[in-house]
Amino acid sequence: TQPGTDVRFDRGDGVEIMVTVPKSLQEGKAFEVTPPAMMVKVPDNGAAGMQIAFRSCSELEEAAEWFGLTLPEGCQPGKYVTAKLPQPKKRGGFKALSRCLGNGSFKQ
């Protein structure tokens, strides 16, 4: 595969992702691919199993996207947890917030 070309990987859960090989990559070298994720601060009243909503870190407020997360076991108020973001085609902006808060669950 040549630098600058797109390659596809199966994440292992049936979802295929596509990444572009960095143009600066030399032949025989590897590069790291990480899933889209954000660090989210657990609210002061946060506890395991609680569902929270958070938004992307966009400089333009109107471009920010909302997501939902069920706080995992072992989380502590004021500490951070990793939130795996949904695939771009499934991101729903404010619809994601209403799904999260409206029926008590959030599906990626």
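Located above this text is the structure these notes cover.
Residues numbered from 1 in each chain as written. Predicted model: local features only at pLDDT ≥ 70, side-chain atom pairs only at ≥ 80, totals over all residues. Heavy atoms only, no water.

Q: I'm lost on the overall build of the protein chain in this one. Help?
A: Helices and strands together make up the secondary structure of the protein chain, namely 1 helix and 6 strands. Sequence-ordered secondary structure for the protein chain, helices as α and strands as β, is β-β-β-β-β-β-α. A buried classification covers 25% of the 108 residues belonging to the protein chain. In the protein chain, once contacts between residues fewer than 6 apart in sequence are set aside, the share between residues at least 24 apart is 41%. Entry remark: accessible area of the protein chain is about 7,900 Å², with carbon and sulfur atoms responsible for 50%. (Helix = DSSP H or I, 4+ residues; strand = E, 2+ residues; numbered from the N terminus. Buried < 20%, exposed > 50% of the residue type's maximum accessible area, 1.4 Å probe, protein only. Contact = heavy atoms within 4.5 Å. Areas by Shrake-Rupley, 256 points an atom, 1.4 Å probe, with all protein chains shown as cover.)

Q: Where do I start with the packing of aromatic side chains in this structure?
A: Each aromatic ring pair is specified by the distance between its two centres and by the angle formed by the two planes. Per the stated rule, a full pass over the model turns up 1 aromatic pair. Taken together, a centroid distance of 5.7 Å and an interplanar angle of 35° make the contact between Phe 54 and Phe 67 tilted. Note that Phe 54 is positioned in strand β4 (residues 51–55) and Phe 67 in strand β5 (residues 66–70), a separation of 13 residues in sequence. Taking relative accessible area as the criterion, Phe 67 reaches 2% and is therefore assigned buried. (Phe/Tyr/Trp six-rings, centres within 6.5 Å; stacked < 30°, edge-to-face > 60°.)

Q: Please clarify how the environment of Phe 54 should be interpreted in this entry.
A: Judged by relative accessible area, which is 8%, Phe 54 ranks as buried. Phe 54 sits 13 residues away from Phe 67 along the chain, and the two C-alpha atoms are 5.4 Å apart. In contact with Phe 54, other than residues within four places in its own chain, are Met 38, Val 40, Glu 65, Trp 66, Phe 67, Gly 68, Leu 69, Ala 83 and Leu 85.

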